[in-house]
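Next come the chains, spelled out residue by residue.
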Amino acid sequence: MTDERIPLLEAVEVTKRFGSFVANDRVSLRLFGGEVHALLGENGAGKSTLVKCFFGINRPDGGSIRWRGQAVEVASPAKARELGIGMVFQHFSLFDALTVAENIAVALPMSMSVARVAGELAAISARYGLPLKPDAVVADLSAGERQRVEIVRCLMQNPDLIIMDEPTSVLTPQEVEDLFAMLQQLTAEGRAILYISHKLDEVRRLCQRATVLRLGKVVADCDPAQVPKAELARMMVGETVHAARPAGLAQAGEDALVVDRLSLPAASLFGTDLREISFSLPAGRVSAIAGIAGNGQSELFAALSGERPCAPDTAIRLFGRPAGRLGIVERRRMNADFISEDRLGHATAPDLTLGENILVTRAKTDPALLNRGVLVMRRAAAISDRIRKAFDVRTAARDPLARALSGGNLQKYVVGRAVDRDPALLVVNQPTWGVDAGAAAHIRRTLVDLAKNGAAILVISQDLDEIYEIADRIAVLCAGRLSDFHPAAGLTAERIGLMMSGSGGPAAGQVAHHVA
Amino acid sequence: MWLRLERRSGRSAWMALLSPAAAFALTLVTGAVLFLALGKDPVAGLYFFFVEPVTVAWSLEEVLVKMTPLALIAAGLAVCFAASVWNIGAEGQFILGAIAGSFWPVVLPDLQGPLILPLMLLSGILGGALFASLPALFRVRFGANEILTSLMLVYVAELFLDWLVRGPWRNPAGLNFPETRPFHDWASMPVIGADRLNIGFLAALAVCLLLAFALSRTFTGFGLRLSGTAPQAARFAGISRNGTIYLVMALSGGLAGLAGAMEVAGPIGQLRTQISPGYGFTAIIVAFLARLNPAGAILAAFVLSVTFIGGESAQIAIGVSDKITRVFQGILLFYVLTCDVFILHRLRWVRPVRRLAGGS
Amino acid sequence: MFDMAQAIALTIIAASTPLLLAAIGELVVERSGVLNLGVEGMMIVGAAAGFAGAQLTGSAYAGILFALAAGGVLSMLFALLVLFFATNQVATGLSITLLGIGIAGLLGQGFVGVPGVKLDAIAIPLLSEIPLLGPLLFRHDLLVYLSIALVAGTWYLLARTRLGLTIRAVGDNHASAHAIGYNVLAVRCLAILFGGICAGLAGGYLSLVYTPQWVEGMSAGRGWIAVALVVFAGWRPLRALAGAYLFGAVLILQFHAQAAGVGIPSQFLSALPYIATIVVLVVISASRRSASGAAPACLGQPFVP
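In this text, all values refer to a predicted model and were calculated from it rather than measured experimentally.

J.: Explanation requested: the overall build of chain B in the structure shown.
T.: Along chain B, the regular secondary structure elements total 13 helices and 2 strands. Relative to the globule expectation of 21 Å for 360 residues, the C-alpha radius of gyration of chain B, 23 Å, shows essentially globular dimensions. In terms of overall dimensions, chain B has a C-alpha envelope of 95 × 60 × 30 Å along the principal axes. Counting contacts in chain B only where the partners sit at least 6 residues apart, residues at least 24 apart contribute 77% of the total.

So, in structure tokens, the structure goes:
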């Protein structure tokens, strides 16, 4: 398809290498004003690398970038902004200790004072429906509000092109609607949006064009609304992904974990208090807790795992025994296991090898690893090898540092380390966050298989697609309170969305109404 | 062309071996420049500083005498630093250990017998450990930075020692000199060398090796290292950060205290206002030069001990100030820190951006 | 009585000024995310270089220039290690302090016992004539005025200017600051240089005003107290002013108590400032655990771009 208009931004065979790894391989794309253009691809396809080239953070190793028909060299983010390119980052680039106005001013040219920014903030907020208080400290804001700060910061420079990296990953469904309305207003003003996503429904709804990346190469350039969803998915992933199906035991088993009115004040200043949480986990089922991160997920995980023991002892019962005051090691010894959200730094020590990292969770539970207090490193290495084979953990060396692994491979190792123990209860926080599609499918299948073998699984996840894919029952965590669990079948995404934003009571009758 | 630091994908085994040697070599080069700048012959300077101390029997023995407290303190600090707990008040803990150990022969000089020496050493350990527990307590209970509190306690310990020796513990038969009565024979370390080297030296070697084993091969040691490098992962492994802080502070303080007690029961033989040429601070350098490996502290302590003796011999032989010892020690630590960076990093030449305009 | 009180007040100002100079420099360094534990070393080298410079040139003002230059040079060595080589900041700061004590000893060895050159007091015309207040507030040497000006200037810089905002941003989140396009290492390098110059000035004050002579180890832990003062001040310049004067007062009152012979051994009184530092650190840290205004988030973390 040819287009005679001059593109706003054109990439011609842009190549970016990191060492021997080619992150972008002769990528070309054309972007026009007034359009939302999707950059579609799995994690690791090279989307972020490419837009960082546009925004002057990465420097391409080959090819050229044209802006309004002119070849340009985007040497720095400052240069990009000068051209008229703005960017809203995926992981917020905000400063927690600074105020909203300061956060915005700091990204603007030196001539902009904080006071002037505070003045202009009001105008932009009103125009695009982005309410913000200039004096609020960013640390106190919700994820949605933080994104607003990012967007206002970007709009303040009046850009012609706005790059948005996975903007909906932290938003509730309702906040997503607001965002889309605002994006349409921006394109109506003639601006272009480069919209990075791996969510097909969003892209098909919002974007006029899509460039699909796979393994660093452009595999398609199309109008996403005209291409069937399955076809887009195939382009992105390449192979057909086996979907895990929620098929636990025919009969749910006994409750492996019972939580009874668990309340826990936040450990840190910006944490969330847990309030009166009660639920139980039957064996043979995958239970899932949905919700936007920051609503008490980390706190709940710390309480369930025993990283933060809590009172009274009976608030948590493990396999029928009071366990609230037990530490994480004692709970592991009762054949429970836990997988934390942060795989590098929390579940593993970055500067230890995989063999040494076995000791982190298993030295005290596996008698073969400790001989009168002395570590048996050979055994640890053997376990690590077994896990690498069984869970397809791909490594360059035999026993590399944890930090040397890609996100997907490290997550497979972390899941493998727990599953290898054959736990009767497994609590997983964000099992596939930032993991490539192949590894994610593998991990989900593993969890479902474990449930089929009679284990109780609790998945805490932000990813609704994932939850629908594997969970038998779903609850929502919002502001430290947990809803009742509902059967996954018959619970609409819209309903969950309302519960996530704290506005939907979990009344069963209403759920039935929605299903009908 | 620009130089830039890049992370390696793993640890460089080569650099891990090479780094202390490279640091030492760079220190020698810088030292030669320093001697030149002071108008001295650099070859002679380096000879008297680093070579002469180990060629003469009596000064070699003196090197071993001085490395004993260094190795002992540094082994404890190595464990402490490996757990990312920054005890820099070992000098104070050394002094408190010396005071606690001196209690028996000074206050109860008539109490004699074979149990006195073990009692003194035990008291020294306890004194140092308790004194080091103060910063640990302040850190755990109140969140006060242990670097500052442990350091401030050094000044307090020095002044306390000064008061004791000039005041209540002064030798009644000592012509008003600020020192305690000399220790009796039961309160002295058995000598194994020609003159001043005592069994404390062997004890220090044993402690270093034992700690090295404990740190690398036991679960407790693993937990300390984990707590130091990845605190969240340590919590995930069920290791208490607070417990770790108490443990390593008490351990390093106890060893510093033991070194203090052995020093007054050994080479010094009494308590004075000055009992350390800065062992507690120099041991920090030793610990880093040993790359936080207690066994490596043996070799590193030897090297640093040579700089103490070398400083004295260079002062006598070519007339440079013995202050140069501190300069050498500072420079050495500098290079050790720099060279260690290359174990996990490398330098890369980065070209300025190629012109992208015009494409291929 | 007034004379006595005035004399004490003047000595308190003199004792507080070096603490204030060093603390305000360290405060800016820490706000940029760097923990500089080399203050003590930079201070003592400043003292030695300042004294030597004044002896060589015969001018105390030239001595001041020597002092700040020495602190600045040593701070650049620190910057090279912690910024370019991304070394451990605690260990590097300690090595600077050890190195500084050594260098100062070398520099100063020829000057032990040599009478010093004292920096003159500058009486501000008219204002210094005000009864009681005049001599107290407007008859000081240059560095006292400078220290107060630095507090005001640093407050203005951090709270009101874009450069100050940049420094705070770099200290709060260096990765984001880098992503926005700031040169994190350059900002930190500037901050470290400022801190080094301030520490050098503080040292110069010791050997050119406070006790105009060279004494081995004359900084006596003041650099460390300055680091503690920054914690005490909650990283805010005006509170650093209050803290420095509070500590200055403790130092001086302790001296006067010794002179008056209050029956407490002099060593215990000498230990008072150090014990006070510990107590203050403990109290401040305990009360700040639940409140905001905590340390810069990136404090002590190396940054490799």
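J.: Would you explain the overall build of chain C in this entry?
T.: The helix and strand tally for chain C stands at 12 helices and 2 strands. Along chain C, from the amino end to the carboxyl end, the secondary structure elements read α-α-α-α-β-α-β-α-α-α-α-α-α-α. Here chain C has a C-alpha radius of gyration of 19 Å; the compact-globule value for 305 residues is 19 Å, and the two agree. Principal-axis analysis of the C-alpha atoms places the extent of chain C at approximately 60 × 45 × 45 Å. In chain C, once contacts between residues fewer than 6 apart in sequence are set aside, the share between residues at least 24 apart is 77%.

J.: In this structure, what is going on with the interface of chain B and chain C? I would like to understand it.
T.: One frequently used descriptor of interface size is the decrease in accessible area upon assembly of the parts. Each partner contributes to the interface: chain B provides 37 residues, whereas chain C provides 40 residues. Taken together, the elements giving at least two residues each to the side of chain B that touches chain C come down to β1 (2–7), α5 (116–142), α6 (146–166), α11 (279–289) and α13 (324–344) of chain B. Split into classes, the residues belonging to the side of chain B that touches chain C amount to 25 nonpolar, 8 polar and 4 charged.

J.: In this structure, what is going on with the pairing of strand β4 (residues 62–67) of chain A? I would like to understand it.
T.: The side chains of a regular strand alternate, residue by residue, between the two faces of the sheet. All names here are of chain A. Sheet topology note: the strand β1 (residues 9–18)/β4 ladder contains 5 bridges and is antiparallel. Its bridge partner lying in β4, E10 is registered against R66. In this structure, β4 lies alongside strand β5 (residues 70–72), joined through 3 bridges in antiparallel fashion. Paired with I65 across the bridge in β5 is V72.

J.: So what exactly am I meant to see when it comes to unusual backbone geometry here?
T.: Among all residues save glycine, negative phi is the norm, and among peptide bonds the norm is trans. In the segment running from A:A311 into A:P312, the intervening peptide bond is cis, with an omega of -5°. Its place among the elements puts A:P312 in the loop between α9 (297–305) and β14 (316–318). One non-glycine residue, A:E276, adopts positive backbone phi at about 50°. Even without a glycine there, the phi angle at C:A86 is positive, about 50°. On the basis of neighbour count, C:A86 is assigned to the buried category, with 20 C-beta atoms found within 10 Å.

J.: Explanation requested: the interface of chain A and chain B in the structure shown.
T.: In this complex, chain A contributes 36 residues to the contact, which on the side of chain B involves 22 residues. Of all the secondary structure elements, the ones that give two or more residues to the side of chain A that touches chain B are β1, β4, α10 (328–333), α11 (354–362) and β18 (374–375) of chain A. Of the residues that constitute the side of chain A that touches chain B, the class distribution is 20 nonpolar, 10 polar and 6 charged.

J.: Hey, could you run me through the environment of A:V218 in this one?
T.: Residue and element names in this part refer to chain A. Structurally, V218 is set in strand β10 (residues 217–222). By C-beta crowding, V218 is classed as buried, having 21 other C-beta atoms within 10 Å. Put simply, V218 and G144 are 74 residues apart on the chain and 32 Å apart in space, counted from C-alpha to C-alpha. Apart from the residues within four sequence positions on either side, V218 is in contact with V27, S28, L29, T211 and L213.

J.: Quick question: what am I supposed to make of the packing of helix α4 (residues 90–107) of chain B against α11(B) here?
T.: Helix-helix packing is described using two parameters, namely the angle between the two axes and the distance between the axes. All names here are of chain B. At a closest axis distance of 6 Å, the pairing of α4 and α11 adopts a crossing angle of 130°. Comparing their axes, α11 and α4 come out oblique. In this structure, α4 meets α11 at a crossing whose hand is right-handed. Across from A90, E91, G92 and F94 in α4, the residues of α11 making contact are Y279, G280, F281 and A283. Counted by class, the contact of α4 with α11 contains 5 nonpolar, 2 polar and 1 charged residues.

J.: What is the right way to look at the sheet that holds β1(A) in this model?
T.: Picture the strands of a sheet paired through backbone hydrogen bonds; they go either parallel or antiparallel. Residues and elements named next belong to chain A. One open sheet accounts for 4 strands, arranged β2-β1-β4-β5; its pairing is antiparallel. Every interior strand has two partners, whereas the edge strands, β2 (21–31) and β5, have only one. With strand direction ignored, the average angle separating the axes of adjacent strands in the sheet is 30°. One ladder, built from 7 bridges, connects β1 with β2; its direction is antiparallel. Paired with V14 across the bridge in β2 is V27. Across the face of the sheet, helix α1 (residues 47–54) comes into contact with β1, β2 and β4 while running at roughly 120° to β1.

J.: Can you help me understand the nonpolar core in this one?
T.: Looking at soluble globular proteins, one finds that nonpolar side chains tend to be buried together. If you look at the biggest cluster of nonpolar residues, it comprises 299 residues, and the most contacted ones within it are B:I73, B:A74, B:V286, B:A287, B:A297 and C:L229. Tallying contributions element by element places helix α9 (residues 184–210) of chain C first for this core, with 17 residues. Those residues in contact with B:I73, other than ones at most four positions away along the chain, are B:A90, B:F94, B:L255, B:A256, B:A259, B:Y279, B:G280 and B:A283. Judged by nonpolar contacts, the second largest core, of 93 residues, contains A:F338, A:L477, A:C478 and A:L482.

J.: Teacher, can you tell me more about helix α2 (residues 39–57) of chain C here?
T.: Because an α-helix completes one turn every 3.6 residues, residues spaced three or four positions apart along the sequence face the same direction. All names here are of chain C. Its 19 residues place the ends of α2 26 Å apart at the C-alpha level, agreeing with the 27 Å of an ideal helix rising 1.5 Å per residue. Summarising burial for α2: 16 of the 19 residues are buried, a large majority. Count one or two residues on from α2 and you reach G58, which has phi positive near 80°.

J.: Would you explain the packing of helix α3 (residues 60–84) of chain C against helix α4 (residues 89–108) of chain C in this entry?
T.: Residue and element names in this part refer to chain C. It is at 10 Å that the axes of α3 and α4 come closest, and there the two elements cross at 150°. With respect to α4, the axis of α3 lies roughly antiparallel. The two elements α3 and α4 cross, and the hand of that crossing is right-handed. For the pair formed by α3 and α4, the contact residues are L74, L77, F78, L81 and V82 on the first element and Q89, T92, G93, I96 and G100 on the second.

J.: What's the story with the confidence of the model for chain B in this structure? I'm lost.
T.: Any region with low pLDDT has predicted coordinates that should not be read closely. Summarising the model, chain B shows a mean pLDDT of 90, and 96% of its residues fall at 70 or more. Below pLDDT 50 for its whole length, residues 353–360 of chain B participates in 20 contacts with residues either more than four positions away or in separate chains.

J.: In this structure, what is going on with the sheet that holds strand β8 (residues 192–197) of chain A? I would like to understand it.
T.: Residues and elements named next belong to chain A. Overall, mixed pairing links the 6 strands, which are arranged β6-β7-β8-β3-β9-β10 in an open sheet. The open sheet has two free edges, formed respectively by β6 (85–88) and β10, since each of these has just one partner strand. Ignoring strand direction, the axes of neighbouring strands in this sheet form an average angle of 20°. Relative to β8, strand β3 (residues 36–40) is paired through 5 bridges, and the arrangement is parallel. Residue V36 lies in a different strand from β8, and its bridge partner there is I193. Packed onto the sheet, α1 meets β3, β6, β7 (161–165), β8 and β9 (209–214) and runs at close to 150° relative to β7. Set on the sheet, helix α6 (residues 173–188) makes contact with β3, β7 and β8; between it and β8 the angle comes to about 145°.

J.: Would you explain the pairing of β7(A) in this entry?
T.: Residue and element names in this part refer to chain A. Counting buried positions along β7 gives 5 out of 5 residues, so the element sits mostly inside the fold. Burial of β7 is two-sided: the residues L161, I163 and D165 facing one way and the residues I162 and M164 facing the other way are all buried. Where β6 lies against β7, 4 bridges are found, and the strand directions are parallel. Residue I85 lies in a different strand from β7, and its bridge partner there is L161. As paired strands, β7 and β8 are joined by 5 bridges and run parallel to one another. Of the residues in β8, the one forming a bridge with D165 is I196. Of the crossover connections in this fold, the one passing from β7 over α6 to the parallel β8 is right-handed.

The rules behind each value
Residues numbered from 1 in each chain as written. Chains lettered and ligands numbered in written order. Predicted model: local features only at pLDDT ≥ 70, side-chain atom pairs only at ≥ 80, totals over all residues. Helix = DSSP H or I, 4+ residues; strand = E, 2+ residues; numbered from the N terminus. Rg over C-alpha atoms; globule rule 2.2 N^0.38 Å. Contact = placed C-beta atoms within 7 Å. Nonpolar A, V, L, I, M, F, W, Y, C, P; charged D, E, K, R; others polar. Pairing = 2+ DSSP bridges. Buried ≥ 20, exposed ≤ 12 C-beta atoms within 10 Å, placed from the backbone. Axes fitted to C-alpha atoms, helices over the stretch in contact; angles between N-to-C directions. Parallel < 35°, antiparallel > 145°, perpendicular 65-115°, else oblique. Left-handed = near helix turned anticlockwise from the far one by under 90°. Core = buried A, V, L, I, M, F, W, Y, C linked by C-beta atoms within 7 Å. Expected span 1.5 Å × (residues − 1). pLDDT = per-residue confidence, 0-100. Right-handed = clockwise from strand over helix to strand, strands pointing away.

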